[in-house]
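# Coordinate inspection notes
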Amino acid sequence: METVIKIACKDEKGLVHKITGVLFAKLVNVTQTNEFVDEVADRFFMRVSFTGIADVKSLRQEIVAVLPADAEVEVIPPAKKRVLICVTKEHHCLGDLLIKSQFEDMPFSIVGVVGNHAVLAPLCAQFSVPFTHVPAEGLSREEHEQKLKAIIDGENPDLIVLAKYMRILTPEFASAYLGKMINIHHSFLPAFVGANPYQQAFQRGVKIIGATAHFVTDDLDEGPIICQNIVPVNHSYDAKQMSKAGKEVEKTVLAKALQLVLEDRVFIHENKTILFD
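Just so it is clear, the model here is predicted, and its values are computed rather than measured.

The rules behind each value
- Residues numbered from 1 in each chain as written.
- Predicted model: local features only at pLDDT ≥ 70, side-chain atom pairs only at ≥ 80, totals over all residues.
- Heavy atoms only, no water.
- UniProt positions renumbered as here; feature names shortened; annotations may be inferred.
- Helix = DSSP H or I, 4+ residues; strand = E, 2+ residues; numbered from the N terminus.
- Pairing = 2+ DSSP bridges.
- Axes fitted to C-alpha atoms, helices over the stretch in contact; angles between N-to-C directions.
- Contact = heavy atoms within 4.5 Å.
- Phe/Tyr/Trp six-rings, centres within 6.5 Å; stacked < 30°, edge-to-face > 60°.
- Buried < 20%, exposed > 50% of the residue type's maximum accessible area, 1.4 Å probe, protein only.
- Lys NZ or Arg CZ within 6 Å of the ring centre and 35° of its normal.

## Some points on the UniProt feature "domain: ACT" (unreviewed entry) in the protein chain
- Mapped onto this structure's residue numbering, the UniProt feature "domain: ACT" (unreviewed entry) falls at residues 4-78.
- Measuring from the first to the last C-alpha atom of residues 4-78 gives 8 Å, for a span that is 28% helix and 41% strand.

Next up, the structure:
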C-alpha cells in the first residue's frame, strides 16, 4: 500500500531535488511523482507516492524544513476514506456508488446515506448501508440543515457526496465543509436552471448533454470543478431519452471525481483544481 504526500508552496529552484532527497534518506521507494507550476501565481504543486516504512509526523517535519515558509504539506497513509452520501429521490448515482463500495472498486466505505425523502431507503437496505430520513417538511432551510449537520458531524466522514441531493444549501452550511463536499449536476447550469432541465434541453434542441462534479462552496454551483464529461444527442432524442443519457454521464462523472479525490490526486487552488491523474 502506498503513502501519498501532497505539497503546495511558492515555487523556487531545486524543490523536487530537496523533496526526493528527504525520501531517499528515509530509504523509501518512490512509486510516482507529479509536479505542476502555476507560473501566474508562482505556485508549485507536487504529489508523491511511495512504499516503505516512515513515521508520518517526522517525515512531514523534515519535508517542511526544506521548503519555503508558506508550504502546505500533507502526508497521507494508506486507508479507506469514509464517505457519507446525501440523496433525494434519484437512484442512479447512489446505486453506482453502493456497488463500487460493495465490490471495493474504489477505496472507500459508505458510513451512511441521508435523504430528505425515504424513497431510497430500501436500496440502501439491500447493501446493509444505514439510511437516515431527515424530512424537510415544516422546517426552515436552516432548521433542516441543523439536523443534517448533526448527523454529518456525528459520523465525521472524510468526504460528503451530494448524489443528486436536490436541495439548495445555505452558504453557512456549505462553508462548514469546504474541500470535503462533492456535488454532481447536469452541465446545463446555468443555461437551464430550475425544474425539468432535460425537458428544457429537449425544447431547446441541444446537441450535447454533460455533467459536472465539483467541490461545494458557499457560492451555489460555482465551486472548483473536479471532473466533466459530455455525450452527444440529436433531434431523435425526446426528453426521456435525454434524461436517461444524462443520468449515465452523471454517474460516471461523479464516480471519476470521487476516485480522484479518494486517491488524493486533487489540489484546490483558489477556485480551480489541479489534478494528477
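## As for the sheet that holds strand β1 (residues 3-10)
- On the basis of which strands lie adjacent, the open sheet formed by four strands has the order β2-β3-β1-β4 and antiparallel pairing. The sheet terminates laterally at β2 (29-38) and β4 (72-76), the two strands that pair on one side only. Averaged over all pairs of adjacent strands, the angle between strand axes in this sheet comes to 10°, irrespective of strand direction.
- Where β1 lies against strand β3 (residues 43-51), eight bridges are found, and the strand directions are antiparallel. Counterpart to Val4 in the pairing with β3 is Ser49.
- Across the sheet, helix α1 (residues 15-25) touches β1, β2 and β3, and the angle it forms with β3 is around 25°.
- Against the sheet, helix α2 (residues 56-65) touches β1, β3 and β4, its axis set at about 155° to β4.

## As for the packing of aromatic side chains
- Within this structure, the stated rule accounts for four aromatic pairs.
- Ring geometry for Phe45 and Phe267: centres 5.6 Å apart, planes at 75°, overall edge-to-face. Taken as a pair, Phe45 in strand β3 and Phe267 in strand β12 (residues 266-269) lie far apart in primary sequence, 222 residues in all.
- Judged by relative accessible area, which is 2%, Phe45 ranks as buried.
- Taking 5.7 Å as the distance between ring centres and 80° as the angle between the ring planes, the aromatic pair formed by Phe267 and Phe276 counts as edge-to-face. Each member of the pair, Phe267 as well as Phe276, carries the same accessibility label: buried.
- Three or more aromatic residues joined by ring pairs form one cluster here, namely Phe36, Phe45, Phe267 and Phe276.
- A cation sits over an aromatic face here: Lys6 above Phe267, 4.8 Å from the ring centre.

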